[in-house]
Amino acid sequence: MSINQLIYISQATRKMSNSELLQIHTTAQENNAKIDVTGSLFYNGGWFLQVLEGPIETLSKLYIKIEKDPRHKNSRIIYNEPAKFRTFTRWTMNMTNLDDRQADKYDELVEVIEAAKTDRKIGSASPAVTLLKIFKN
Ligand SMILES: Cc1cc2nc3c(=O)[nH]c(=O)nc-3n(C[C@H](O)[C@H](O)[C@H](O)COP(=O)(O)O)c2cc1C
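Residues numbered from 1 in each chain as written. Predicted model: local features only at pLDDT ≥ 70, side-chain atom pairs only at ≥ 80, totals over all residues.

Scanning the protein chain for helices and strands turns up 4 helices and 5 strands. Whereas a compact globule of 137 residues would reach a radius of gyration of roughly 14 Å, the protein chain reaches 14 Å, a difference of no more than 12%. In terms of principal-axis extent, the alpha carbons of the protein chain reach across some 35 × 35 × 25 Å. Residue burial in the protein chain is summarised as follows: out of 137 residues, 28% are buried. Look at the contacts in the protein chain between residues 6 or more apart in sequence, and 75% of them connect residues 24 or more apart. (Helix = DSSP H or I, 4+ residues; strand = E, 2+ residues; numbered from the N terminus. Rg over C-alpha atoms; globule rule 2.2 N^0.38 Å. Buried ≥ 20, exposed ≤ 12 C-beta atoms within 10 Å, placed from the backbone. Contact = placed C-beta atoms within 7 Å.)

The structure is reproduced here in C-alpha cells:
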C-alpha cells in the first residue's frame, strides 16, 4: 500500500511535564497501531515536531484530530509527500523529549526544530528533508 509522510510543527500551549508527554505518547502509540500509522514525535522547549507515516486518507483524518488538540496550537504542515518506505518502521509512535538533553542526535534534532520554527533551510535542504535523512538507514 502506498504511504505518505506528513510532518508538522506546533507550539505547546503550556510547558509539558514528563507525565503529560507520556500521556500523549501512550495514546498515540495505542491509536496509531490500530490504523497502520508509524512515526516520531519530538518535543523541545515548548515546540512539537511530529512525523506521521501511513495511508494518505488515514493521515489526513488523524492530522485533523491532532490539530484540534488543545495541548498545542499554531500547527503548520511543513512536509506532506508520498514515500517509498517508512522511516520509523519500528515505532507506532516514538517520542523524544529534547529538553532532557540526553537524546541521541540531540544537536542535529535541535537544529531541525530551530530551522522549522522560522522556515529556514539547513544548507540546501528543508528541515523536514533533513530530519528524514537523520533517521534514514
Ligand atoms: C503533539 C501531539 C501529538 C499527538 N499525536 C497523536 C498521534 O500520533 N496519534 C493519535 O492518535 N493521537 C495523537 N495525539 C492525541 C490526539 O490529539 C487525541 O487526543 C487522541 O488521538 C484522542 O484519542 P482517543 O480518541 O483515543 O481519546 C497527539 C496530541 C498532541 C498534542
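Annotation from UniProt places "domain: BLUF" (unreviewed entry) at residues 3-94. Summarising residues 3-94: 32% helix, 41% strand, and an end-to-end C-alpha distance of 18 Å. (UniProt positions renumbered as here; feature names shortened; annotations may be inferred.)

As a further point, take the site of the ligand. Around the ligand, the structure places 15 residues, and the nearest of them are A28, N31, F48, D69 and R71. When residues of the shell around the ligand are traced back to their parent elements, those giving at least two are α1 (18-34), β3 (47-54) and α2 (56-67). A per-element tally of the shell around the ligand places α1 first, with 5 residues. For the shell around the ligand, the residue count by class is 7 nonpolar, 5 polar and 3 charged. (Near = placed C-beta within 6 Å. Nonpolar A, V, L, I, M, F, W, Y, C, P; charged D, E, K, R; others polar.)

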